[in-house]
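Summary of structural features
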Amino acid sequence: LPRQALALQAIHFIVSLLGLLGLTPPSLLVLSHSVAFLAAGLTIFVTVQFFALVVPEEQYKFECVVWDKRRVPYSLMQNVMHIPCGVLAIVDVSIMKSRTLLFQASPSKLHLVLCYGVYAFLYIAMTHANERATGEWPYGILAKLGYSWSKWSYFFLVQFFILSIFIGVAYTVASFTPVVW
C-alpha cells in the first residue's frame, strides 16, 4: 500500500506543482483539487497505520533483525517509505492547494466517507484474494484474523472509522491553517 500511495501522491504532487506554475489545463487542476482530501486521508492512514499496526508486530521486528544482519537498513527504509505519505498529505491540503478551489471542487464529506468504505472493502477483498493465491498475509496482524467473518467485519469497521477520521484531519488542517496564497 505505501508504494501505491506514494506513487499516486507523486503524480498528484506533480500535477499540483504544475498547476501552481500555471502549466496545467484548468480541468486537470480542478481534478487535482477534487481528489486532494481523498488522497490525503489515504496517505495519512498509511503513515499512522504503519506505526500503529506494523511496527509493534513481532513479525516486523523479526524482519528488521534479519535484514540488519545482512547490513540492509530495513527499518530505516520502511520509515522513509511510510513517513512522507502523511507529511506530504498535510503539505498538499495546507500549502499547495487553492483553498477556494479545494473546497469547491471536493466531493462532500459524506461522499468521501463512502469512497473510503468502498476502498476498505476492496482492500480487504484483494488482501484475501492475495492470501489465497500466495498463502501469505501482507502483515502479521492480518494472519491473526484468520478467516473469521466477525474479526474481519470488526477490522473493516475500525479501518473505515479511522479513514473517516483522517478525512476530518485533512479537512480541519485545510480549514484552519493560514492561506499562503
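Please read these numbers as outputs of a predicted model, since none were measured by experiment.

Structural notes on the layout of surface pockets
Here the second largest pocket is characterised by a volume of approximately 380 Å³. Lining the second largest pocket we find 17 residues, and of these Leu8, Gln9, His12, Val35 and Ala39 sit closest to its centre. At the level of elements, helix 1 (2-20), helix 2 (26-34) and helix 3 (36-54) are the ones that each hand at least two residues to the lining of the second largest pocket. Among the elements that take part in the lining of the second largest pocket, helix 1 stands out by supplying 7 residues, more than any other.

Thoughts on the packing of helix 7 (residues 109-134) against helix 9 (residues 149-176)
Put simply, helix 7 and helix 9 touch, their axes get as near as 9 Å, and they point 140 degrees apart. Taken together, helix 7 and helix 9 sit at an angle that is classed as oblique. In this structure, helix 7 meets helix 9 at a crossing whose hand is right-handed. Here Lys109, Leu112, Val113, Tyr116, Gly117, Tyr119, Ala120, Phe121, Ile124 and His128 of helix 7 lie close against helix 9, whose contacting residues are Trp152, Phe155, Phe156, Phe160, Leu163, Ser164, Ile167 and Tyr171. Partitioned by chemical class, the residues of the contact of helix 7 with helix 9 number 14 nonpolar, 3 polar and 1 charged.

Quick word on a nonpolar patch on the surface
Where nonpolar side chains cluster on the molecular surface, the patch consists of Ile14, Leu17, Leu18, Leu20, Leu21 and Leu23 and spans about 560 Å² of accessible area. For Leu18, the location among the structural elements is in helix 1. Classification of Leu18 as partly exposed rests on a relative accessible area of 33%.

Considerations on the side chain of Gln159
With respect to the helices and strands, the residue Gln159 is situated in helix 9. If we ignore the near neighbours within four places in the chain, the residues touching Gln159 are Phe45, Gln49 and Leu53.

Brief notes about the packing of aromatic side chains
Tallied over the entire structure, the rule returns 13 aromatic pairs. Note on Phe37 and Tyr171: the rings are 5.0 Å apart at their centroids and 35 degrees apart in plane angle, and the pair reads as tilted. Highlighted residues: Phe37 in helix 3 and Tyr171 in helix 9, separated in sequence by 134 residues. Measuring from ring centre to ring centre gives 6.1 Å for Trp137 and Tyr147, while their planes differ by 50 degrees; the resulting arrangement is tilted.

Let's talk about unusual backbone geometry
A positive phi angle, close to 65 degrees, is found at Arg71, a residue other than glycine. The residue Arg71 is located in the loop between helix 4 (58-69) and helix 5 (74-96) in this model. A relative accessible area of 78% means that Arg71 is categorised as exposed.

Some words on the pattern of salt bridges
Here the structure, examined in full by the defined rule, presents 3 salt bridges. Where Lys144 meets Glu57, a salt bridge forms, and the shortest distance between an N and an O atom there is 3.3 Å. Note that Lys144 is positioned in the loop between helix 8 (140-143) and helix 9 and Glu57 in the loop between helix 3 and helix 4, a separation of 87 residues in sequence. Judged by its relative accessible area of 14%, Glu57 is buried.

Things to note about the nonpolar core
Within the largest apolar cluster, 18 residues are counted, with the highest numbers of intra-cluster contacts made by Phe37, Val93, Leu102 and Ala170. Here this core gets 7 residues from one element, more than from any other, and that element is helix 9. Contacts of Val93, omitting those with residues within four sequence positions, involve Ala36, Phe37, Ala40, Arg99, Leu102, Ala170, Val173 and Ala174. Counting 6 residues, the second-largest nonpolar core is a separate cluster that includes Ile124, Trp137, Leu145 and Trp152.

What counts and what doesn't
- Residues numbered from 1 in each chain as written.
- Predicted model: local features only at pLDDT ≥ 70, side-chain atom pairs only at ≥ 80, totals over all residues.
- Heavy atoms only, no water.
- 1 Å grid on protein atoms, 1.4 Å probe; cavity = no way out; pocket = protein on both sides within 12 Å on 5 of 7 lines; lining within 4 Å.
- Points joined across faces, edges and corners; volume = space filled by probe spheres on them.
- Helix = DSSP H or I, 4+ residues; strand = E, 2+ residues; numbered from the N terminus.
- Axes fitted to C-alpha atoms, helices over the stretch in contact; angles between N-to-C directions.
- Parallel < 35°, antiparallel > 145°, perpendicular 65-115°, else oblique.
- Left-handed = near helix turned anticlockwise from the far one by under 90°.
- Contact = heavy atoms within 4.5 Å.
- Nonpolar A, V, L, I, M, F, W, Y, C, P; charged D, E, K, R; others polar.
- Patch = residues over 30% accessible without salt bridge, like charges linked within 9 Å, V, L, I, M, F, W, Y side chains within 5 Å.
- Areas by Shrake-Rupley, 256 points an atom, 1.4 Å probe, with all protein chains shown as cover.
- Salt bridge = Lys/Arg side-chain N within 4 Å of Asp/Glu carboxyl O.
- Buried < 20%, exposed > 50% of the residue type's maximum accessible area, 1.4 Å probe, protein only.
- Phe/Tyr/Trp six-rings, centres within 6.5 Å; stacked < 30°, edge-to-face > 60°.
- Core = buried A, V, L, I, M, F, W, Y, C linked by side-chain atoms within 4.5 Å.

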